[in-house]
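Overview (structure and organization)
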Amino acid sequence: MFLSLYGHWSEQDAAILVPGDIINIKLGEIIPADACLLEGDPLSVDQSALTGESLLVTKNPTDEVFTRSTVKKGEIEAVVIATGVHTFLSKAAHLVDTLTKLDTSRKCLQQLVTSAFSQLLKTYDDY
């Protein structure tokens, strides 16, 4: 991944990215962070890692692109807007995890209520 540092492009590890960094995104690369596209030609992006959708998406300047998406066509500069746990993908994963935990809690509560209701009916039937 190429990062613009003080107006000069250098190849850097994606782990050092922070919001506000300017990066170059090009064909074949996996987008390293959520970013907003700057001026240039549109990109064709595979977002299937994020959405499950197999069709390519066209992203134009000022559009957002998301981490783990793959560039299938084009090259453009972008400004990093989120990294790590602050990315759209990370937030979506956290939401799914939270909903799964809530669903598990709901099932446990449902089992407790069903069991208590069954015990209540059994006690009522004994009278």
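Everything below is about the structure shown above.
Anyway, here's the lowdown on the structure attached to this text. Numbering of residues starts from 1 in every chain and runs along the sequence as written. Side-chain atom pairs in this predicted model are given and counted only at pLDDT of 80 or more, local residue features only at pLDDT of at least 70, and totals for whole chains, interfaces and linings cover all residues. Values shown for side chains rest on all heavy atoms present in the structure; no hydrogens or waters enter the calculation.

**Considering the sheet that holds strand β8 (residues 70–73)**
Pairs of strands are assigned from DSSP output, requiring at least two bridges between the strands. A run of H or I in DSSP counts as a helix once it spans at least four residues, and a run of E counts as a strand once it spans at least two, with each numbered from the N terminus. A sheet is described by the order of its strands in space; here three strands give the open sequence β6-β5-β8, paired in antiparallel fashion. Only two strands of the sheet have a single neighbouring strand rather than two, namely β6 (57–59) and β8. Each strand axis lies, on average, 45° off the axis of its neighbour in the sheet, ignoring direction. Where strand β5 (residues 43–46) lies against β6, three bridges are found, and the strand directions are antiparallel. An axis is simply a line fitted to the C-alpha atoms; with a helix, the fit covers only the stretch in contact. Between two such axes, the angle follows the N-to-C directions and lies from 0 to 180 degrees.

**Observations concerning the nonpolar core**
Ranked by size, the top nonpolar core spans 14 residues in total, and within it Ile23, Ile25, Ile31, Leu37, Leu43, Val65 and Ala78 carry the most contacts. Of all the secondary-structure elements, those providing two or more residues to this core are β3 (22–26), β4 (34–40), β5 and β9 (75–82). Ranked by the residues each element gives to this core, the list is headed by β9, at three residues. The criterion used for residue contact is that any of the two residues' heavy atoms lie within 4.5 Å. Non-local contacts of Ala78, meaning those with residues more than four positions away in its chain, are made with Asp21, Ile22, Ile23, Ile25, Ala35, Cys36, Leu37 and Leu38. As used in this record, nonpolar core signifies buried Ala, Val, Leu, Ile, Met, Phe, Trp, Tyr and Cys residues forming a set joined through side-chain atoms within 4.5 Å. We call a residue buried when its accessible area falls under 20% of the maximum for its residue type, exposed when it is over 50%, and partly exposed in between, using a 1.4 Å probe and counting protein chains only.

**Quick notes on the side chain of Asn24**
By secondary structure assignment, the location of Asn24 is in strand β3. The exposure class assigned to Asn24 is buried, which follows from its relative accessible area of 12%. Between N or O atoms, a polar contact is any pair within 3.5 Å; within protein, one atom must be a potential hydrogen donor and the other a potential acceptor, and residues adjacent in sequence are included only when both atoms are from side chains. Side-chain polar atoms of Asn24 contact the side chain of Glu75, separated by 3.4 Å. Among residues more than four places away in sequence, those in contact with Asn24 are Phe2, Trp9, Glu29, Glu75, Ile76 and Glu77.

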